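Observations on the model geometry
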Amino acid sequence: MSRVDLTFVRQPAMALAVVVVAAVAVPQYWLFLATSALVSAVALLGLGIVGRAGMNSLCQLSFAAVGAWTVAQLNVWQAPGTLILWTIAGGLVAMPFGILIGLPALRLRGVHLAVVTLGFAAAAAVVVSAVNFPGVDTYQQVLRPEFIATDRQYFVYAGLLFVVLALGVEWVGRTRMGAAWRAVRFSERATAAAGTSVARAKLSAFALSAFAAGLAGGLLAGQVGMITAQNFGVIASLALFVVAVMAGSEYVFGAMFGGFLIMFVPEFFRRAGISQDWANVLFGVGAVQALSQGSSIMEGLARRLRARRPAPTPPPREPLDGGTPPLGTKPLLKAEGLTVRFGQVAALQDVDLTVPEGTVMGLIGPNGAGKSTLTDALSGFIRDAAGTVALDGRSLDGLPVHRRAAAGLRRTFQQDRVPTGLTVGAYLRFAAHRTVTRDELEDVRDFLGCPPAEAHVLDLDVGSRRLLEVAAAILARPKLIVLDEPAAGLAHAESIALADRLIEVPARFGASVLLIEHDLDMVRRACATIVVLDAGVVIAAGPPAEVLAKPEVARAYLGDEVALT
Amino acid sequence: MVEGAIAGLAGGGAYAALGLCLTLMFRLVRVVNFAQVAIGVIGVYTMAILAEHGWPYGLAALAGLLAATLCAAVLGWVMGRWFGEAGPDQRSAISIAFLVSLLAVSYLAFGTDPRRMPGQFGGSLITVNDITITQAAAVCTAGSIAVAAGAWLVLTRTVLGLRLRALSERPTTAELHAIPSRRLGVLMWAVTGLLSAAVLLVIAPQQTSDQTSLALMIIPAGAAALVGGFRSLGLTVAGGLGLGALQGALAHVSELQQYRDTVPFLAILAILIWSQRREVWDVAR
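Residues numbered from 1 in each chain as written. Chains lettered and ligands numbered in written order. Predicted model: local features only at pLDDT ≥ 70, side-chain atom pairs only at ≥ 80, totals over all residues.

**What to know about the overall build of chain B**
A tally of helices and strands in chain B yields twelve helices and two strands. Helices (α) and strands (β) of chain B occur, in sequence order from the N terminus, as α-α-α-α-β-β-α-α-α-α-α-α-α-α. A globule of 285 residues ought to have a C-alpha radius of gyration of about 19 Å, and chain B, at 19 Å, matches this closely. Considering only C-alpha atoms, chain B reaches an extent of 60 × 50 × 35 Å along its principal axes. Residues counted as buried form 53% of the 285 residues belonging to chain B. (Helix = DSSP H or I, 4+ residues; strand = E, 2+ residues; numbered from the N terminus. Rg over C-alpha atoms; globule rule 2.2 N^0.38 Å. Buried ≥ 20, exposed ≤ 12 C-beta atoms within 10 Å, placed from the backbone.)

See below:
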C-alpha cells in the first residue's frame, strides 16, 4: 500500500506556528487589526480556490455578507450552538449563492464571467444596504461565547479557523477534485477527456470559495459585533481580488500575506501621515507587476524554491523489441456512418470504422484528411455529428465527453494539454479517474519512462509531456485509447521506442489502441492493421505493408504526378 | 411609467456610449476595460475642480477631456508595453487593477467630498403630452447612436479601420504587414478615454454621484456590451438604451425603486444564459 502523503500539512502547520507566535507577541493595540487580517485571509483562501480553477471572482465580499447576515440572524434568534456553529452555518448558507453565480461560468469564461461577478457584487451591495442586517435596528450585538470573549482569545479563534480551513483547502487540493480545478484552468477539453465533468469542477470551486467567504463574514460579525453594509462594498471586493492576484492566494501563505497587506498597509500609511488611499494605488501597481512577471509573490517564491531542487531527468528511452503487433478479432469500437460538416465542408463523410479488441490499429492520412475530426467525433466533442458510435456493445451516442471517457474511451490531444499546475503524480492520479495504488502508478510511469512522480509538469519538455499524457490514458484502464499524434515532439528513436511499448499495451493493460500518426515508421512498427483517411473518406484498410503499397494511398499522400511515376 | 422610461434614456444613452467604448476596446485591443468609466471620472473631476477655481466651463471641460485622454493613453501604453502578448483574460485582470488604482488616485487628487458638477444639459428640451424629454436624454441617445454610426464608418470605410480590424483579428499577421500595433493600441485607449469623459461630462451633473458610483457605471455599460456580445455596435446601443429605459420605468414603481440598481445584474444574467445556451469549448480544437 502507498505511504500516506502528508505534504499538504506543511503550509497550514507553518501558518499555525505564525498564529501561535502572533498570539503571544502581538501587542494589544494591534490585535484588532491582526484579527481583521485573518478575516481577510480566510476570504482570500476562498478566492484562491476559484483562482486555481482559472476563474475571476469579483464578488467575494458579497458571499461574506451572506455569511455575516446568517450569523446576525442566528444571533437574534439565539439559536443553539453559539457563534462557532453559526459561523459554519454562515459558510454553508453562502454555498448555494456560490453555485448560483457559478452557473453562468459553465458557459462563460474569463472576462465575461468577471462581468457577471462584478454585476452580482453591485446588486448584492444594493440589496444589503436596502435591508438592514438582523439585530442592527435593536442594537443587538453578536454575542461571543465565554472562551473567546477577549480580543486575544478571538484572535486565536480566528487563527485556528484559518488554519483548519487551510488544511481543508490543501487537502482537497491534493484530491482529484483539486487536480480537476487546476486542469480546468489549463484546458477544459483535456479535463473532460480525462473523464471529469467540467461543470462539477467549476461549480465545486465556486461553492467552496463562497463557503470560505461565508466563514469570513461570520468571523467578522463575531469580531465587530454589529455589522453594516459598509463592510461589504464593491470596491473592497475588487481590492480583495487585486491583492489576491498580487500575493497569490492559492497558497496558504499567500492568503495570509494578502490579509496582512490589506489591513496593515493602510494603517502604516495612516501612521506615517500619508493618505490611506495610497494603499489601493500600491495594490494595483503590485498586481500589474505580478501579472507582468507571470506569477504572484508566493508563486515566484515557490518556483525559486523548486529550482533549487530540480527533479532528476529520466534516462533516454531505449528501443525494446515488443514483438509483433497483436491482431484482435472481436469488434470493440464500432462507428457507423459518421458524418461531420463544417458549413459547406464535409470533414467526414459516412465513415465506418471498427476497432477490434486487443489490437493496435493505425489511422493515417494527409493533413486535412479528417483524422482529428474523427477523434473529436468519437470522443464526443462534436455534438451534431451524424452516425452512431458504440463501444463494447454499448451505444455512446448523445453522451457528453466525460461520460464517454468514463465508459472506457480515452483520447489524447495533438497539442500539449497536460495541466502545468500539477506534479506528474497528481496529474496521473487525476487523469486515471479511479483510485490507483502507488505501485500501479509507478508501474505505468516506468513502462513509458516518464519523469518521477514528484516532478512538476511545468518543468518538463514537450516530449515528456506527450508520454505523460499517454501514460495517464493507460492508467485509466480504458477499453480503447485513441492517441492523436503522440510522437509529435519526440525524437525518431523515441517514437520507435514508444511504438514498441504500444504493442505491449493490449496484453498488459487490456486496452486497444487506435494510433493516429504521421510517422509511418512508427505506424509500421506498432500497428497490426491500418486505415487510411483522405478528404473525410476511408480509402483503404488492411495490414500496413499491403495498404501502404496501394497506389491510391501514395496518391493521397504525394499527389497524382508522383504516384503515377 | 412612460415618463420614467423616457427619463431613463439619459442614463441609457450613457450606458450605450460607454458600452460602445467597451465593445470597441474588446474588439480592437482584446480587453474588457473595467477602468473605462474610471478614466472618465478623472476627466469630469478635473473639470469640476478647475470650474471651482473660476475657470470658464468650456475651458474646464476641455481640460477635463484632455486629462482623461492622457490618462487613458498612459494606461494603454503600459498595457501595450508589458502585456502586448497577453490574452484577454489577463489584460482584463490588469484593467481591474487599473480601476482600483485609478479610484484611489482620484480620491487622492480630488478628495472624497461630493462636488458640485457644472453642466450644460440640465434643462428640458420639449414637453409632449405631459411627458418631458430632457436635454440630457436627447443628447445621450442621439450621441450614442452617432458614436456607433461613426465607429462603424471608420471601421468599415477607412484605411485606419481596416488596419484596426486586421490587428484585432490577426495581430501577428498584421504586425508582419508593418501595422504599428502598440501605437494603434494607445490611440484606441486615448479615443475611448476621451469618449468616456465626454459621456460623464453630460451625465454626471444630472445625478448626485461620487467617484465610486460613477466608476461603477461600468456594470450597466458592461451589460449593454454583453447584449451586443462585445461585437455588435448596434445591439450595444439598443442594449444600453433598453436598460436605461427599464431602470427609469422601475424608478416609478415605488416597491421596486430602491432595488432598481440590481436591474443591470439581472439583465446580464438573462442575456448570458440566453446567448450562451449552446455548449462551447474553451478552444476550437
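**A look at the overall build of chain A**
Within chain A, the regular secondary structure consists of 23 helices and ten strands. Referenced to the eigenvectors of the C-alpha coordinate spread, the extents of chain A come out at roughly 90 × 50 × 45 Å. The burial tally for chain A puts 54% of its 565 residues in the buried class. Contacts spanning at least 24 positions in sequence make up 77% of the contacts within chain A whose residues lie at least 6 apart. (Contact = placed C-beta atoms within 7 Å.)

**Notes on the interface of chain A and chain B**
The interface of chain A with chain B comprises 44 residues on the first partner and 43 residues on the second. If you list the elements that add at least two residues to the side of chain A that touches chain B, you get helix H5 (111-130), helix H8 (188-193), helix H10 (234-247), helix H12 (278-293) and helix H14 (371-379) of chain A. In terms of residues, the side of chain A that touches chain B owes the most to one element, H5(A), which gives 13 residues. Classifying every residue of the side of chain A that touches chain B gives 27 nonpolar, ten polar and seven charged. (Nonpolar A, V, L, I, M, F, W, Y, C, P; charged D, E, K, R; others polar.)

**Details of the UniProt feature "transmembrane region" (unreviewed entry) in chain B**
All names here are of chain B. Here, UniProt's "transmembrane region" (unreviewed entry) annotation points to residues 6-24, 31-51, 57-80, 92-111, 131-155, 186-204 and 216-246. Between the C-alpha atoms that bound residues 6-24 the distance is 27 Å, and the span itself is 100% helix and 0% strand. With 95% helix and 0% strand, residues 186-204 has its two end C-alpha atoms placed 26 Å apart. (UniProt positions renumbered as here; feature names shortened; annotations may be inferred.)

**Notes on the domain arrangement of chain A**
All names here are of chain A. Domains assigned within chain A are domain 1 (7-233) and domain 2 (331-564). If you look at the interface, domain 1 gives 16 residues, while domain 2 gives 20 residues. Of all elements in the fold, only helix H7 (176-186) and H8 reach the threshold of two or more residues within the side of domain 1 that touches domain 2. Broken down by class, the residue content of the side of domain 1 that touches domain 2 amounts to eight nonpolar, four polar and four charged. (Domains from an automatic or database assignment.)

**Considering the UniProt feature "transmembrane region" (unreviewed entry) in chain A**
All names here are of chain A. As recorded in UniProt, the feature "transmembrane region" (unreviewed entry) lies at residues 7-25, 58-77, 83-106, 113-134, 154-172, 205-226 and 232-265. The distance from the first to the last C-alpha atom of residues 7-25 is 28 Å, and the span holds 84% helix and 0% strand. Within residues 232-265, the helical portion is 82% and the strand portion 0%, while the C-alpha atoms at the span's ends are 19 Å from each other.

**Focus on the packing of helix H2 (residues 28-52) of chain A against helix H9 (residues 198-224) of chain A**
All names here are of chain A. Close contact between H2 and H9 brings their axes to 7 Å; oriented N to C, the two are set at 170 degrees. The angle between the axes of H2 and H9 places the two elements in the roughly antiparallel class. Along the contact surface, H2 presents Thr35, Val39, Val42, Ala43, Leu45, Gly46, Leu47, Ile49, Val50 and Arg52, while H9 presents Ala205, Phe206, Leu208, Ser209, Ala210, Ala212, Ala213, Leu215, Ala216, Leu219, Leu220 and Gln223. In terms of residue class, the contact of H2 with H9 is made up of 17 nonpolar, four polar and one charged. (Axes fitted to C-alpha atoms, helices over the stretch in contact; angles between N-to-C directions. Parallel < 35°, antiparallel > 145°, perpendicular 65-115°, else oblique.)

**With respect to the sheet that holds strand E3 (residues 360-364) of chain A**
One key point about sheets: their strands pair by backbone hydrogen bonds, in either a parallel or an antiparallel sense. Residue and element names in this part refer to chain A. The strand order across the open sheet built from six strands is E6-E7-E8-E3-E9-E10, with neighbouring strands paired in mixed fashion. Of all strands in the sheet, those with a lone pairing partner are strand E6 (409-411) and strand E10 (537-542), marking the two edges. Shown here is a sheet whose adjacent strand axes are inclined to one another by a mean of 20 degrees, direction ignored. Pairing of E3 with strand E9 (residues 529-534) involves four bridges; the strand directions are parallel. Directly across from Met361, in E9, lies its bridge partner Thr529. Each of E3, E6, strand E7 (480-484), strand E8 (512-516) and E9 is contacted by H14, which is oriented at about 150 degrees to E7, the strand it contacts most. (Pairing = 2+ DSSP bridges.)

**Some remarks on the confidence of the model for chain B**
In this model, chain B carries an average pLDDT of 87, and 96% of its residues clear a pLDDT of 70 or more. Both confidence scores are given for the complex: pTM 0.90, ipTM 0.91. (pLDDT = per-residue confidence, 0-100.)

**Topic: the environment of Gly195(A)**
All names here are of chain A. Mapped onto the elements of the fold, Gly195 is located in the loop between H8 and H9. With 339 residues separating them along the chain, Gly195 and Asp534 place their C-alpha atoms 30 Å apart. Other than its neighbours up to four places away in sequence, Gly195 contacts His402, Ala405, Ala406, His433 and Ala476.

**Section: the packing of helix H10 (residues 218-227) of chain B against helix H12 (residues 263-275) of chain B**
Residue and element names in this part refer to chain B. Across the interface, H10 lies against H12 with an axial gap of 9 Å and an inter-helix angle of 20 degrees. When the axes of H10 and H12 are compared, the pair comes out roughly parallel. Like other packed secondary-structure pairs, H10 and H12 cross with a definite hand, here left-handed. Between H10, through Ile219, Pro220, Ala223, Leu226 and Val227, and H12, the contact on the second element is made entirely by Pro264, Ala267, Ile268, Ile271 and Leu272. When the residues that make up the contact of H10 with H12 are grouped by side-chain class, the tally is ten nonpolar, no polar and no charged. (Left-handed = near helix turned anticlockwise from the far one by under 90°.)

**Some words on the sheet that holds strand E5 (residues 394-395) of chain A**
All names here are of chain A. The strand order across the open sheet formed by four strands is E2-E1-E4-E5, and the pairing between neighbours is antiparallel. Across the chains shown, the open sheet's two edge strands, defined by having one partner strand only, are strand E2 (345-356) and E5. Where strand E4 (residues 386-391) meets E5, two bridges bridge the pair, whose relative direction is antiparallel. Bridging across to E5, Ala390 finds its partner in Ser395.

**Some words on the nonpolar core**
Counting residues in each nonpolar core, the largest one holds 307 residues, and the members touching the most others are Val42(A), Ala212(A), Val242(A), Tyr427(A), Ala471(A), Leu515(A) and Leu99(B). At 18 residues, the largest contribution of residues to this core is made by helix H1 (residues 2-29) of chain B. Each of domain 1 (7-233) and domain 2 (331-564) of chain A accounts for three or more of the residues forming this core. Residue contacts for Leu515(A): discarding those within four places in its chain leaves Val360(A), Met361(A), Gly362(A), Leu363(A), Leu483(A), Leu502(A), Val523(A), Ala526(A) and Cys527(A). (Core = buried A, V, L, I, M, F, W, Y, C linked by C-beta atoms within 7 Å.)

**Thoughts on the pairing of E3(A)**
All names here are of chain A. Counting buried positions along E3 gives five out of five residues, so the element sits mostly inside the fold. Residue alternation in E3 divides its side chains into two sets, Val360, Gly362 and Ile364 and Met361 and Leu363, and both sets are buried. When E3 meets E8, the two strands line up parallel, connected through four bridges. Residue pairing for E8: Gly362 is matched across the bridge by Leu515.

**Comments concerning unusual backbone geometry**
All names here are of chain A. The backbone of Arg477 sits at a positive phi, close to 50 degrees, despite the residue not being glycine. Mapped onto the elements, Arg477 comes out in the loop between helix H18 (462-475) and E7. You will see that Glu485, though not glycine, has its phi angle at about 50 degrees, which is positive.

**Structural notes on the confidence of the model for chain A**
Counting all residues, the mean pLDDT for chain A is 89, and 95% of those residues have values of 70 or more. The spread of mean pLDDT over the elements of chain A runs between helix H23 (residues 560-564) of chain A, the lowest at 54, and helix H3 (residues 60-77) of chain A, the highest at 95.

**Thoughts on the pairing of strand E1 (residues 331-342) of chain A**
Residues and elements named next belong to chain A. Relative to E2, E1 runs antiparallel, the two being bridged by eight bridges. Bridge pairing in E2 places Leu338 opposite Val351. Linking E1 back to E2 in an antiparallel pair, the connection comprises two residues, with Gly343 at a positive phi of about 65 degrees. As paired elements, E1 and E4 share five bridges and run antiparallel to each other. Residue pairing in the sheet places Ala335 in a bridge with Val389 of E4.

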